[in-house]
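What the coordinates show
Spelled out, the chains give:
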Amino acid sequence: MNPKSVICLLLHLAVLWLCTAADHDGSSIVFTTLGRLDYNFDIFTLPILGPPSSTTETQITDGKSVNFNGHFPNKTRIQFPTRSDPYLQLIYVTERNGFSNIFYDAVYLNSPTASSGRRSTLEVSDRVQVPLLSLEQGQNRLSMKDRPTLTGDYLVYVSTHEDSGVPRTSSAAVYSTHLDSGVTRRLTPRGVADFSPAVSPSGIWTAVASYGPRGWTGEVEDLSTDIYVFLTGDGTRRVKVVEHGGWPGWVDDSTIYFHRRGEDQWWSVYRAILPREGPSSTKSVVVQRVTPPGLHAFTPATSPGNHDFIALATRRPTSSFRHVELFDLVRNEFKELTRRVSPHTHHFNPFISPDSSRVGYHKCRSNRNKQEKSKLFLQNIHSPIPNLSILRIDGSFPSVSPGGDLIAYVNFPGVYVVNRDGSNRHQVYPGNAFSTSWDPVRKGVLYTGGGLEFAPETAEVDIIAITIDDVDRATFKKLTTNGKNNAFPSPSPDGKQIVFRSGRTGHKNLYIMDVEVGESGGLYRLTEGPWTDTMCNWSPDGNWIAFASDREDPGSGSFELYVIRPNGAGLRKVIQSGTGGRTNHPWFSPDSKSLVFTSDYRAISAEPISNPHQYQPYGEIFTVKLDGSDLKRLTQNSYEDGTPVWVPHFIRPTDVEWPIDRPGCEFEDLHWLSEVPSYGVLNMHQCGV
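Structure report, in brief. Remember, it's a predicted structure, so these values are computed and weren't measured experimentally. (Residues numbered from 1 in each chain as written. Predicted model: local features only at pLDDT ≥ 70, side-chain atom pairs only at ≥ 80, totals over all residues. Heavy atoms only, no water.)

Things to note about the overall build of the protein
To keep things clear, this is the line we draw: Counting from the N terminus, the helices are the DSSP runs of H or I reaching at least four residues and the strands are the DSSP runs of E reaching at least two. Buried, partly exposed and exposed residues are distinguished by accessible area as a fraction of the type maximum, computed with a 1.4 Å probe on protein chains only: under 20%, between the cut-offs, and over 50%, respectively. Contacts are assigned to residue pairs that have any heavy atoms within 4.5 Å of one another. Per-residue and other accessible areas follow the Shrake-Rupley method at a 1.4 Å probe size, with only the shown protein chains counted as cover for residues.
Scanning the protein for helices and strands turns up two helices and 49 strands. Here the protein holds 689 residues, and the buried ones make up 58% of them. Within the protein, residue pairs in contact and separated by at least 24 positions form 54% of the contacts whose partners lie at least 6 positions apart. Entry remark: accessible area of the protein is about 27800 Å², with carbon and sulfur atoms responsible for 51%.

Here's what the structure looks like:
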């Protein structure tokens, strides 16, 4: 072998060593988000004139990222040196490269490179795509970005990067960033959360949905926010103009459209007319209902000076999907748009171009685009902590084998095991189950609670040991036999005992039993009381067991985190989750000094109606030390993040695709939008029936 070849070989081996070492330097957190890995959202647009069809719908965004909540600006940011004819501009929220950002796109729809019949601007060469917030700004202000508006040289948007510091208080606030200098100003007062900002056509005023000083009280459907208006320049002259409303949009500087759930329980669009002279207040503003009952209408979109029509999303009683429609403000009639193009797809949060010629919205893209990735098995989330990778998994209640090579998860029903690269997925338990944990000593053994989830104390749920003999066969053994809601098993680090929760006395408390013979070898009752202790996890050093409990207010649904010694000593609360708060699913760090958990500690970050279904659209992933210090928020979004596990192996922070074809776009719309109130007396012509 010549010297050059030797050097190349040594360099290659060094790279391999570094890559291998990187896998063992640090740890990882793996968690799940309800439906999120099915959200293959792109921004689409339809012309408003003429009948909508699949040939006139155009996909604007990249077909790779998750892109949503767009806005057509009237300010030109990019100049094409060789073109002078009009082109389409778009700003939007995008989730890519592990964190949220706001992008600007410009594209010629009539480019000569786009032949007739092409439905995606991805096939057009005359296009620009740039981030409006720099990478440094995004990393230094790790947060959820939402509902952007470009007004002059300023970007107005929601960010959650400033911690409120108060339990169950949202960090969502409106900011303004000067795009040339990068200077950012907070427009929302401290101690207040604002959602869904909209800037008036003149740029002078911004309207938001906000609780004001009242704060969040746990709502997950209608937030019962109010509409506030303030100066866009500095946030001053803030005043409440509407009681109970959300998702505002301006037509002119004195007309705002918004949505609310009415007394008849139908979501409808309303109009607020502000006085042209004199101060505005809830007493001086005239509020009128615009859309009739008989269907849900929400997230209205307006365009400057357009008093002829608005766009909105609807859920009709005859459809399982939300669609974008126009509402004629003169004739009081609906015009359906997206149902005629893709009737079996959900469409979200419409917006109208400044000249009222186009409507935009986001929906799940189809697989017709060859650039589209396969569905992800693991998705990298930007981590604020060095040597800690954070990944979202396509499955519930994940846990990683002691060797780090296998991941178990729940799929409702069934427990599955898969290689860390997404290969060799197979079911190891066919029944309904929730939570998984691996035996730290016996190879190929994992535990689950088999039976109904969210069930009462008397429900038939038992701890089950699953032994994986090979890829095609698994055996099961019940460790509990009374069927009194035994769940959330977690083995001791020496593999001799297992802690679990049981409802055998009529209350859910914690018990410890032998890991091999189960309850037939006797039980040690760890906690006792007329409350619920649950979601237990044994520390790697064996000294502590963490769990969630509602013992401060039994039956309220409010849970705090506690730790206790395996002998029953040393009980203490780790963190106060706030009045009515939910802090759940603790899991110890590899050094046993911290916990990862899910919580509503930072309340809600966006109006739930603007998203697909989330049971609890407030869950975020946090870490905290056992003494309650050093609380860190790891995820920032408007979804339900949950069931985290802290892995003692560093999993590289890269996206991992399923190696087999997995169906996507299978998420549900909000369950509570399927509720159909009593019709009463309706004008069926108005409802478009």
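A look at the state of the cysteines
So the rule is basically this: Disulfides are defined in this document as cysteine sulfur pairs within 2.5 Å.
Under the defined criterion, the tally for this structure stands at one disulfide. Here cysteine 364 is linked by a disulfide to cysteine 665, with a sulfur-sulfur distance of 1.8 Å. Residues cysteine 364 and cysteine 665 share a disulfide whose torsion about the S-S bond is about -75 degrees; that sign makes it left-handed. Residue cysteine 364 is found in strand S25 (residues 358–364), and its partner cysteine 665 is found in the segment after strand S49 (656–657); the two are separated by 301 residues along the sequence. Look at cysteine 364 and you get buried, because its relative accessible area is 8%. Classification of cysteine 665 as partly exposed rests on a relative accessible area of 33%.

Here's the deal with unusual backbone geometry
The residue after phenylalanine 412, namely proline 413, is reached through a cis peptide bond having omega 5 degrees. Along the polypeptide, proline 413 turns up in the loop between strand S29 (406–410) and strand S30 (415–419). The phi dihedral of arginine 237 is positive, around 55 degrees, even though this residue is not glycine. Among the residues examined, arginine 237 registers a relative accessible area of 60% and is labelled exposed. Despite not being glycine, asparagine 485 has its phi angle at roughly 50 degrees, a positive value.

A few points about the sheet that holds strand S16 (residues 246–252)
Note: strands within a sheet are paired through backbone hydrogen bonds, in either parallel or antiparallel orientation. Rules: Any two strands between which DSSP finds at least two bridges are classified as paired. As a rule, the C-alpha atoms of each element are fitted with a line to give its axis, helices using only the stretch in contact, and angles between N-to-C directions run from 0 to 180 degrees.
Pairing within the open sheet is antiparallel, and its four strands lie in the order S16-S17-S18-S19. The open sheet terminates on both sides in strands that have one partner only, identified here as S16 and strand S19 (286–289). Taking the axes of each pair of neighbouring strands and ignoring which way they run, one obtains an average angle of 30 degrees across the sheet. Looking at chain direction, strand S18 (residues 267–273) and S19 are connected through four bridges and run antiparallel. Residue pairing for S19: alanine 272 is matched across the bridge by valine 287.

Remarks on the pattern of salt bridges
For side chains of opposite charge, pairing can occur when their charged atoms come near one another. Rule in force here: Each reported salt bridge corresponds to a side-chain nitrogen of Lys or Arg within 4 Å of a carboxyl oxygen of Asp or Glu.
As enumerated under the stated definition, the model contains 30 salt bridges in all. Across the pair arginine 551 and aspartate 533 runs a salt bridge whose closest N-O atoms are separated by 2.8 Å. With arginine 551 in the loop between strand S41 (545–549) and strand S42 (560–564) and aspartate 533 in strand S40 (residues 533–538), the pair connects residues that are 18 residues apart, well separated along the chain. When its relative accessible area of 18% is taken as the criterion, arginine 551 is described as buried. Within the structure, one salt-bridge network assembled from shared partners comprises Arg214, Asp226, Lys240 and Glu243.

Focus: the nonpolar core
The condition that has to hold: Note on terminology: a nonpolar core comprises buried Ala, Val, Leu, Ile, Met, Phe, Trp, Tyr and Cys residues joined through side-chain atoms within 4.5 Å.
Among the nonpolar cores identified, the biggest contains 45 residues, and Val415, Leu446, Val499, Ile545, Val563 and Leu595 are the most heavily contacted of them. With residues near it in sequence (within four places) discarded, valine 499 still touches Phe488, Pro489, Ser490, Leu510, Tyr511, Ile512, Leu526, Cys536, Trp538 and Ile545. Core analysis: the next-biggest nonpolar cluster, separate from the first, contains 19 residues, Met144, Val174, Val199 and Tyr211 among them.

Some remarks on the pairing of S18
Buried residues dominate S18, accounting for five of its seven residues. For strand S17 (residues 255–261) and S18, the ladder comprises seven bridges, and the chain directions are antiparallel. Looking at the pairing, threonine 255 lines up with isoleucine 273 of S18. Hairpin remark: S17 followed by S18, antiparallel, with five residues in the connecting loop; positive phi at glutamine 265, about 75 degrees.

Here we look at the pairing of strand S10 (residues 173–178)
Consecutive side chains along a regular strand alternate between the two faces of the sheet. Among the six residues that make up S10, six are buried, leaving the element largely enclosed by the rest of the structure. Here S10 shows a buried face lined by Ala173, Tyr175 and Thr177 and a second buried face lined by Val174, Ser176 and His178. The pairing of strand S9 (residues 154–159) with S10 spans six bridges and is classified as antiparallel. Looking at the pairing, tyrosine 154 lines up with histidine 178 of S10. The pairing of S10 with strand S11 (residues 184–186) spans three bridges and is antiparallel. Each bridged residue has a counterpart across the sheet, and for tyrosine 175 the counterpart in S11 is arginine 186. In this structure, the hairpin formed by S10 and S11 is closed by a connection of five residues, where glycine 182 is found at a positive phi of approximately 80 degrees.

As for the packing of aromatic side chains
Rules: Whether two aromatic rings pair depends on their centres lying within 6.5 Å, for rings of Phe, Tyr and Trp, where Trp uses its six-membered ring; planes under 30 degrees apart make the pair stacked, over 60 edge-to-face, and the rest tilted.
Tallying each qualifying case throughout the model produces 25 aromatic pairs. Judged by centre distance (6.4 Å) and plane angle (45 degrees), the ring pair of phenylalanine 348 and phenylalanine 667 falls under tilted. Highlighted residues: phenylalanine 348 in strand S24 (residues 347–352) and phenylalanine 667 in the segment after S49, separated in sequence by 319 residues. Judged by its relative accessible area of 0%, phenylalanine 348 falls in the buried class. Classification of phenylalanine 667 as buried rests on a relative accessible area of 12%. Ring geometry for phenylalanine 397 against phenylalanine 434: centres 6.3 Å apart, planes inclined by 55 degrees, an arrangement best described as tilted. Taken as a pair, phenylalanine 397 in strand S28 (residues 396–400) and phenylalanine 434 in strand S32 (residues 433–438) lie far apart in primary sequence, 37 residues in all. Both residues of the pair, phenylalanine 397 and phenylalanine 434, count as buried. Ring pairing ties together the aromatic residues Tyr39, Phe41, Phe348, Tyr639 and Phe667, which thus form one cluster.

Concerning the sheet that holds strand S4 (residues 66–71)
The strand order across the open sheet built from four strands is S4-S5-S6-S7, with neighbouring strands paired in antiparallel fashion. Two strands close off the open sheet at either side, each with one partner strand: S4 and strand S7 (127–131). Sheet twist, expressed as the mean angle between neighbouring strand axes with direction ignored, is 30 degrees. As defined by bridge partners, strand S5 (residues 88–96) adjoins strand S6 (residues 99–107) across nine bridges and the pair is classed as antiparallel. Looking across to S6, one finds that leucine 90 is bridged to aspartate 105.

No statement about biological role is implied by the geometric values presented.
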